[in-house]
Amino acid sequence: PARVRMRQLLEAAGGVVVVGEAGSALEALEIIRETRPDLLFLDVEMPEMRGTALAASLPEPRPFIVFATAFDNYGLEAIAVEAADYLLKPVSRIKLATTLERVRTRLASLNVSRDIVAASEVQAHMWPGALPAIPGFDCAAASLAARGVGGDFYDCFAIAGSRWGLLLGDASGKGVAAGLVSSAVQARVNTAARLAHLDPEELMAAVDRDVYGSTDGARYATAIY
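Described in the following lines is the structure provided in the data block. In every chain, residue numbers begin from 1 and rise along the written sequence. Residue-level local features of this predicted model are given only where pLDDT is at least 70; pairs of side-chain atoms are given and counted only at 80 or more, and the full residue set underlies all totals for whole chains, interfaces and linings. To get the side-chain values, take all heavy atoms of the structure and skip hydrogens and water.

Numbered from the N terminus, helices here are DSSP runs of H or I no shorter than four residues, and strands are runs of E no shorter than two. Check the secondary structure of the chain and you find 7 helices and 6 strands. Its helices and strands in sequence order give the chain the pattern α-α-β-α-β-α-β-α-β-β-α-α-β, from N to C terminus. For this measure, only C-alpha atoms enter the radius of gyration; the expected value for a globule follows 2.2 Å times N^0.38, where N is the number of residues. Here the chain has a C-alpha radius of gyration of 27 Å; the compact-globule value for 225 residues is 17 Å, and the former is much larger. The principal-axis extents of the C-alpha atoms in the chain amount to approximately 75 × 40 × 25 Å.

In a pair of packed helices, the angle between the axes and the distance between the axes together describe the arrangement. Think of each axis as a best-fit line through the C-alpha atoms, taken over the contacting stretch in the case of a helix, with angles from 0 to 180 degrees between the N-to-C directions. Direction vectors running N to C along helix H5 (residues 93-126) and helix H6 (residues 175-194) enclose 20 degrees, while the axes themselves pass 11 Å from each other. By the angle between their axes, H5 is roughly parallel relative to H6. Here the hand of the crossing between H5 and H6 comes out left-handed. Across from Ile-116, Gln-123 and Met-126 in H5, the residues of H6 making contact are Val-176, Gly-179, Ser-182, Ser-183 and Gln-186. For the contact of H5 with H6, a count of residues per class yields 3 nonpolar, 5 polar and no charged. If an angle is under 35 degrees, it is roughly parallel; if it is over 145, roughly antiparallel; if it lies from 65 to 115, roughly perpendicular; otherwise it is oblique. Take the far helix as the reference: if the near one is turned anticlockwise from it by less than a right angle, the crossing is left-handed, and if turned clockwise, right-handed. Contacts are assigned to residue pairs with any non-hydrogen atoms lying within 4.5 Å of each other. Residues are grouped as follows: Ala, Val, Leu, Ile, Met, Phe, Trp, Tyr, Cys and Pro are nonpolar; Asp, Glu, Lys and Arg are charged; all remaining types, including Gly, are polar.

This next bit is on H6. In an α-helix, one turn spans 3.6 residues; hence positions three or four apart end up facing the same way. To estimate how far a helix should reach, multiply one less than its number of residues by 1.5 Å. The end-to-end C-alpha separation of H6 is 28 Å, in line with the 28 Å expected for 20 residues at 1.5 Å each. Burial classification: accessible surface area is computed with a 1.4 Å probe over protein chains only, and a residue below 20% of its type maximum counts as buried, one above 50% as exposed, and the rest as partly exposed. Residues Gly-175, Ala-178, Gly-179, Val-181, Ser-182, Ser-183, Val-185, Gln-186, Val-189, Asn-190, Ala-192 and Ala-193 constitute the buried set of H6. Elements in contact with the buried residues of H6: H5, strand S4 (152-160), strand S5 (163-171), helix H7 (200-215) and strand S6 (221-224).

With that out of the way, let us pick up the sheet that holds strand S3 (residues 85-88). Here, a strand pair is defined by DSSP locating no fewer than two bridges between the strands. Strand order in the open sheet formed by 3 strands is S1-S2-S3, with parallel pairing between adjacent strands. The open sheet has two edge strands, strand S1 (39-42) and S3, and neither has a second partner. Within this sheet the neighbouring strands show an average axis-to-axis angle of 20 degrees, counted without direction. Contacts from H5 reach S1, strand S2 (64-69) and S3 within the one sheet, and its direction differs from that of S3 by about 165 degrees.

To continue, consider the pairing of S5. Two strands pair when backbone bridges link them, and S4 and S5 are joined in this way by 8 bridges, in the antiparallel orientation. Considered in S5, the bridge of Asp-152 is made with Asp-170. Count of turn residues in the S4/S5 antiparallel hairpin: 2 residues, of which Gly-161 carries a positive phi of about 60 degrees. Looking at chain direction, S5 and S6 are connected through 4 bridges and run antiparallel. Residue pairing across strands places Gly-169 opposite Ala-223, the latter belonging to S6.

In short, the description is geometric, and any link to function would need to be established separately.
Dropping the structure here:
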């Protein structure tokens, strides 16, 4: 009956898709593995395993967890497993709506963080994994963005014969916006040098026009090539 009531409340709240229900802890674990939910409602007293023990056993990244129980003395256990919220039965529509809004806010923030991590990995792969061995030179480079993604960029590549292109620059601003500009500049320089074989002055003039035209002049980058 408690699960039926919770399902009805969630359906009435809107914006929620119930992907599974379980009558025991072991059944819940199987459903969690299969569906990888964003949000998990658990009772504290469950067959086979307490809800708090089930929550603690889940590997990272865990779904957000909300405990629903008839007893108010389990609050500390809920805090110990970093629950998103704690609902007392009978659950009210108003309290559930507040909980869902809190979870949506945290989920949106988490998704942004995941996007930044993914963008950081993509940007790192755009940089040369190892600088080429150029006779007579020792070359090394590294960059660690303050916000995961940044405007710093560098590159080193062979052009033709014994000619090498060296690029070092920084896009204005910080974060993802700066990272997009820096990636665009790096890609344009690399392509123009290796495929179009433009000389440095002509190459940078062409890149300058492209970046200005694609950003409406709102973004810029300084670079040495």
